[in-house]
Amino acid sequence: MTTFFGSPAFIGIIYLIASALFILALKWMNAPPTARRGILAGEIGMVLAIGGTILQLGVEGKLEHISIDYTWIFIALGIGTAIGVPLGLVQMTAVPQRTALSHAFGAFCVTLVGTAEYYLGTSTIPAFKMSVLCVEVILGGLTVTGSLMAAGKLQEVLPQRPITYKGQNFVNLALLASTAVIAIYLVHNPGATHLYPVMVGIALIVGVMLVIPIGGADMPTVISLLNSYAGLSAAAMGFVLNNKLLIVAGALDGSSGFILSVIMSKAMNRSFTNVVFGAFGQVAASAAGAQEARPVKSASPEEAAGILAAASRVVVVPGYGMAVAQAQHKVRELYDALTKRGVDVRFAIHPVAGRMPGHMNVLLAEADVPYDRLIEMDDINGDFPQTDVSLIIGANDVTNPAAKTDKSSPIYGMPVLDVEKSHTVMVIKRSMNPGFAGIDNPLYYMDQTLMLFGDAKVFVGNIVKELTHS
Amino acid sequence: MGNALIDGLFVFMLAGFIGFEVIKRISPLLHTPLMSITNALDAIAVVGAIVLVGRNESRPAHIMGILAIIAATSNIVGGFLITDRMVKMFKSSRPTKS
């Protein structure tokens, strides 16, 4: 038995079981009732893989007569846990930046291991291993800084506006090309240790440059893209270490990030390259301004409450503004008050509402809105003609009918929620100032539209007060 | 090396297809928890770092390995924790509705 424990076959079986558990984990994540089972499967796979690795290390150490440094392994695992727990307990509104930060951590780990492997092998590294190692650290390096930039923008410690300059795409492409050239040189001359830090350094700069021109509305796509890069770099690391479990986990993460990026790009009617290489804000700035001072109708909380109470079908359209105003709990109270009066209330979720995929769902679920009331865009769009009131809270571009009709609009072609087809539209907004992207929304000037000016949390709170006291 | 490469590519291709098929079926409701759990699973890279630290072949590699374990472990612990918190919040209206 002692020969089996810690043998290559033993660890191979452990990794095989862990791979199966990882796939099951994602399979069970497909719907809320089984999702927690999925998490458990992932956790068991993780514990098995880590335990098996440490066990095998001990056996190898005995065979090769080297002492294994368990102390530092466990100290590092302990410190990591101590950092991980608070990161697991952040508020739900902070989830986008936490996710970006964890992409950075994952890529940081991969880049460090790749770098250590390089310096342990240097001139003896075979060409194939060196080429995947280069892929690993280039993707890893740019994910580290790119994710940190994204996290900084989401946390608002960095300016959120897209920063653009002339020749930006050329500079980015030139930088990427230079990492590729150095990588090719290193594959043929792995002993050129002075070039290695240059390659990693440029990769780190590329990460910064790629995220500088990204605005808030593009964040869901960029976070998904970085997720995909982190996965691919881990898969590359699997090739370097000849570790199939890592290849599997990296491939799963890579395809997950890829699918999400595709969904996000489609939801914005933009191609990958367009998101990565084209800034959004600048185009829009010129489009606004032209149509100022058109008349809008506004209403008070009392009037809004009256209209909502008289409705039989209401659709709430939440957006990033709801998250900023922390209004989700008040929105739940509104949902309760209206449901009690027999009003059918549902939520229309646009795929890119918020700052990351699924952002609105998590916020509303946190506020105890039942998830079967959260309806995807494609499933709810047909119901707007039968909807009495659409209440838009902190969303703008995703409701803009110009995306369907106005070819000159910067968001022309983007799939939007057909709120203008409902009998009454109410929009909670701070003022008539154009939003982040600065695109004018013709919805606000339509006959059936009522503007509710004020802070989303306060305004919804006032509507709830009216509904419960009358 | 040649065989290991081909084996690796096979595994990568199959896992990529499985990932694509499995993840396509995941409800958009759960896209945020999906991202946090794949992040935790991805941190399996920690096994590479553990070997690096345990074997302690050079001082720089040892230090890099320790930092890598810390970064990956925080993703594992934090990732599973927050995914669980998020998933627990998703409640259906059907069983409670009377």
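What you see is a predicted model; the values in this text were computed from it and never measured.

Visitor: Is there a simple way to think about the overall build of chain A in this case?
Guide: Helix and strand content of chain A: 18 helices and six strands. With respect to the three principal axes, the spread of C-alpha positions in chain A is 80 × 55 × 35 Å. Relative to its full complement of 470 residues, chain A shows a buried share of 54%.

Visitor: Would you mind going over the overall build of chain B with me for this structure?
Guide: Broken down by element type, chain B carries four helices and zero strands. Starting at the N terminus and ending at the C terminus, chain B contains elements arranged as α-α-α-α. A globule of 98 residues ought to have a C-alpha radius of gyration of about 13 Å, yet chain B, at 19 Å, is considerably larger. Over its C-alpha atoms, taken along the principal directions, chain B stretches across nearly 65 × 30 × 15 Å. Every one of the 98 residues in chain B was classed for burial, and the buried ones make up 61%. Sequence-distant contacts, at least 24 apart, represent 65% of the contacts inside chain B between residues at least 6 apart.

Visitor: When you look at the domain arrangement of chain A in this model, what are you seeing that I'm missing?
Guide: Note: interface size is frequently given as the accessible area lost on complex formation between the parts. Residue and element names in this part refer to chain A. In terms of domain boundaries, chain A breaks down into domain 1 (1-82), domain 2 (95-280) and domain 3 (301-469). Each of domain 1 and domain 2 has a C-alpha centre, and the two are 26 Å apart. Facing six residues of domain 1, the contacting portion of domain 2 comprises five residues. When residues in the side of domain 1 that touches domain 2 are grouped by element, the largest group, five residues, is from helix H1 (residues 8-28).

Visitor: Help me understand the pairing of strand E5 (residues 424-429) of chain A, please; the structure alone is not making it clear to me.
Guide: Side chains on a regular strand alternate between the two faces of the sheet. Residues and elements named next belong to chain A. Of all six residues making up E5, six are buried, and the element is well covered by its neighbours. Of the two faces of E5, both are covered, the one formed by Thr-424, Met-426 and Ile-428 as well as the one formed by Val-425, Val-427 and Lys-429. Direction of pairing for strand E4 (residues 389-393) relative to E5: parallel, over a ladder of five bridges. Across the sheet, Val-389 pairs through a bridge with Thr-424, a residue of E5. Across five bridges, E5 lies against strand E6 (residues 449-453) in parallel orientation. Across the sheet, the residue bridging to Met-426 is Leu-450, located in E6.

Visitor: When you look at the sheet that holds strand E1 (residues 313-318) of chain A in this model, what are you seeing that I'm missing?
Guide: Residue and element names in this part refer to chain A. A sheet is described by the order of its strands in space; here six strands give the open sequence E3-E2-E1-E4-E5-E6, paired in parallel fashion. With partners counted over all chains shown, the strands left at the sheet margins are strand E3 (374-376) and E6, one partner each. Strand-to-strand twist across the sheet, computed as the mean angle between neighbouring axes with direction ignored, equals 25°.

Visitor: What's the story with the packing of helix H4 (residues 95-121) of chain A against helix H5 (residues 127-154) of chain A in this structure? I'm lost.
Guide: Angle between the axes and distance between the axes are the two parameters that describe a pair of packed helices. All names here are of chain A. Two elements in contact, H4 and H5, have axes separated by 7 Å at closest approach and are oriented at 155°. In terms of their interaxial angle, H4 and H5 are classed as roughly antiparallel. Note that H4 runs across H5; the crossing there is left-handed. In the contact of H4 with H5, the residues fall into 15 nonpolar, nine polar and two charged.

Visitor: Would you mind going over the interface of chain A and chain B with me for this structure?
Guide: Facing 95 residues of chain A, the contacting portion of chain B comprises 79 residues. Elements represented by at least two residues in the side of chain A that touches chain B include exactly H1, helix H2 (32-64), helix H3 (70-88), H4, helix H8 (219-241), helix H9 (244-267), helix H15 (359-366) and E3 of chain A. If one sorts the elements of the side of chain A that touches chain B by residue count, H4(A) sits on top with 16 residues. For the side of chain A that touches chain B, the residue count by class is 60 nonpolar, 23 polar and 12 charged.

Visitor: In this structure, what is going on with the nonpolar core? I would like to understand it.
Guide: The nonpolar side chains of a soluble globular protein tend to be buried with one another. Grouped together as the largest cluster of nonpolar side chains are 195 residues, with contacts concentrated most on Cys109(A), Ile393(A), Ile44(B), Ala45(B), Val46(B), Ala49(B) and Ile69(B). Per element, the largest residue contribution to this core is 16 residues, and it comes from helix H4 (residues 59-89) of chain B. Setting aside anything within four residues of it in sequence, one finds Val46(B) in contact with Ile50(A), Cys109(A), Ile69(B), Ala72(B), Thr73(B) and Ile76(B).

Visitor: Please explain the environment of Glu420(A) as it appears in this structure.
Guide: Residue and element names in this part refer to chain A. Structurally, Glu-420 is set in the loop between helix H17 (402-405) and E5. On a C-alpha basis, the gap between Glu-420 and Pro-162 in space is 30 Å, while along the polypeptide they are 258 residues apart. Residues within four places of Glu-420 in sequence aside, it is in contact with Pro-401, Val-425, Leu-443 and Met-446.

Visitor: Sorry if this is basic, but what is going on with the confidence of the model for chain B here?
Guide: Low pLDDT means the predicted atomic positions in that stretch should not be read closely. Put simply, chain B has an average pLDDT of 91, and 93% of its residues get 70 or more. Mean pLDDT values for the elements of chain B range from 90 in helix H1 (residues 2-24) of chain B up to 96 in H4(B).

Visitor: What is the right way to look at unusual backbone geometry in this model?
Guide: Phi is mostly negative for residues that are not glycine, and the peptide bonds are mostly trans. Residue and element names in this part refer to chain A. The phi angle at His-65 is positive, at roughly 55°, despite the residue not being glycine. Even without being glycine, Gln-326 reaches a positive phi, approximately 55°. Its place among the elements puts Gln-326 in the loop between helix H13 (320-324) and helix H14 (328-340). Judged by local crowding, Gln-326 falls into the partly exposed class, with 14 C-beta atoms found within 10 Å.

Visitor: Looking at this model, I keep getting lost on the packing of H2(A) against helix H2 (residues 31-42) of chain B. Mind explaining?
Guide: Their axes nearest at 11 Å, the elements H2(A) and H2(B) cross at an angle of 10°. With respect to H2(B), the axis of H2(A) lies roughly parallel. Along the contact surface, H2(A) presents Ala35(A), Ile39(A) and Gly42(A), while H2(B) presents Pro33(B), Ile37(B), Ala40(B) and Leu41(B). A breakdown of the residues in the contact of H2(A) with H2(B) according to their chemical character gives six nonpolar, one polar and no charged.

Reading the values: rules and limits
Residues numbered from 1 in each chain as written. Chains lettered and ligands numbered in written order. Predicted model: local features only at pLDDT ≥ 70, side-chain atom pairs only at ≥ 80, totals over all residues. Helix = DSSP H or I, 4+ residues; strand = E, 2+ residues; numbered from the N terminus. Buried ≥ 20, exposed ≤ 12 C-beta atoms within 10 Å, placed from the backbone. Rg over C-alpha atoms; globule rule 2.2 N^0.38 Å. Contact = placed C-beta atoms within 7 Å. Domains from an automatic or database assignment. Pairing = 2+ DSSP bridges. Axes fitted to C-alpha atoms, helices over the stretch in contact; angles between N-to-C directions. Parallel < 35°, antiparallel > 145°, perpendicular 65-115°, else oblique. Left-handed = near helix turned anticlockwise from the far one by under 90°. Nonpolar A, V, L, I, M, F, W, Y, C, P; charged D, E, K, R; others polar. Core = buried A, V, L, I, M, F, W, Y, C linked by C-beta atoms within 7 Å. pLDDT = per-residue confidence, 0-100.

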